[in-house]
Amino acid sequence: MKERLLFLGPPGAGKGTQAALLSKKNHLLHLSTGDLLRIEVSAGTVLGKKAALIMDKGELVSDEIVLSIVQKNLSGQSQGWLLDGFPRNLVQAKALEPLLEEIMQPIQAVILIEANDEILVKRLLERGRADDNEKVIRNRLEIYRDKTAPLINYYSVKGLLKSVKGNDEVNIVAKRIQEALN
Ligand code: AP5
């Protein structure tokens, strides 16, 4: 199975849910930039205070902050890894390349989880995280389309992209992802 992975998809598509299942089953390091930022926010660090102001609006935290978090967590990794919610734009995608070259661990597959807006909004409103209110969700969706969706073509051209339908039950989506990676 491929074991150096990126998970791409709109908010609420199930990236975090599926990444947790797959990484547990296959002993991969699960790196979610969203989770790592929320840890900083809860700890009340300087970085966390800066990030909270941006996350509460559904905007993207600065590339510099996010890249330093990823670099810190990836360096020295010998096991497989799964990056969830990163990269989020072309600047981050391009910055990731030399970082992975340095550790000689190229990406093996990019999983795109897709679902329609109606389902995404419903799931997020039901979850109710701090950034899960209708106005912020709509902004996150817009930012996804504007900044993150161009990565679909970027990784497709590289022959790395695998699209998976995310509308169905968690275990059905998990099966599709596993099949795409075999
Ligand atoms: P982040 O934490 O990455 O949030 P997101 O991309 O908006 O993704 P979500 O967690 O909302 O959705 P998900 O696809 O992971 O779905 P999940 O599995 O959780 O980012 C948050 C913020 O941090 C950003 O807005 C930004 O400010 C900042 N940030 C993070 N990374 C950044 C970066 N690289 N650069 C700059 N800024 C960054 O599922 C959602 C819900 O649906 C759950 O309740 C789940 O139980 C449910 N669910 C999942 N799958 C199913 C299913 N198949 N059926 C039914 N329910 C399901």
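The shown structure was predicted, so the numbers you read here are calculated from the model rather than taken from an experiment.

**Let's talk about the site of the ligand**
Logical step 1: The full set close to the ligand counts 31 residues, and Thr17, Thr33, Glu59, Arg140 and Asp168 are the nearest of them.
Logical step 2: Between the ligand and Gly16 there is a distance of 2.9 Å, counted from an oxygen atom to a backbone nitrogen or oxygen.
Logical step 3: At 2.9 Å, a side-chain N or O of Gln92 approaches a nitrogen atom of the ligand.
Logical step 4: Computed on the free molecule, the ligand has an accessible area of 1,000 Å², of which 86% lies beneath the protein chains in the complex.
Logical step 5: Counting only elements with at least two residues in the shell around the ligand, the list comes to helix H1 (15-26), helix H2 (33-43) and helix H6 (117-127).
Logical step 6: The element best represented in the shell around the ligand is H2, accounting for 4 residues.
Logical step 7: Looking at the shell around the ligand residue by residue, the classes come out as 11 nonpolar, 9 polar and 11 charged.

**Some details on the environment of Ser156**
Logical step 1: Secondary-structure assignment places Ser156 in helix H8 (residues 150-157).
Logical step 2: Under the relative-accessibility criterion, Ser156 is labelled partly exposed at 39%.
Logical step 3: Considering only alpha carbons, one finds Ser156 and Val110, 46 residues apart in sequence, at a separation of 8.7 Å.

**Points about the pairing of strand S4 (residues 109-114)**
Logical step 1: By the criterion of burial, S4 is predominantly enclosed, with 5 of the 6 residues buried.
Logical step 2: When strand S1 (residues 4-8) meets S4, the two strands line up parallel, connected through 4 bridges. In the strand pairing of S4, Phe7 is matched with Ile111.
Logical step 3: Taken together, the 5 bridges between S4 and strand S5 (residues 161-165) define a ladder with parallel strand orientation. In the sheet register, Ile113 faces S5, and the bridge partner there is Val164.

Definitions and limits used
- Residues numbered from 1 in each chain as written.
- Predicted model: local features only at pLDDT ≥ 70, side-chain atom pairs only at ≥ 80, totals over all residues.
- Heavy atoms only, no water.
- Near = heavy atom within 4 Å.
- Polar contact = N/O pair within 3.5 Å; in protein donor to acceptor, adjacent residues only side chain to side chain.
- Areas by Shrake-Rupley, 256 points an atom, 1.4 Å probe, with all protein chains shown as cover.
- Helix = DSSP H or I, 4+ residues; strand = E, 2+ residues; numbered from the N terminus.
- Nonpolar A, V, L, I, M, F, W, Y, C, P; charged D, E, K, R; others polar.
- Buried < 20%, exposed > 50% of the residue type's maximum accessible area, 1.4 Å probe, protein only.
- Pairing = 2+ DSSP bridges.

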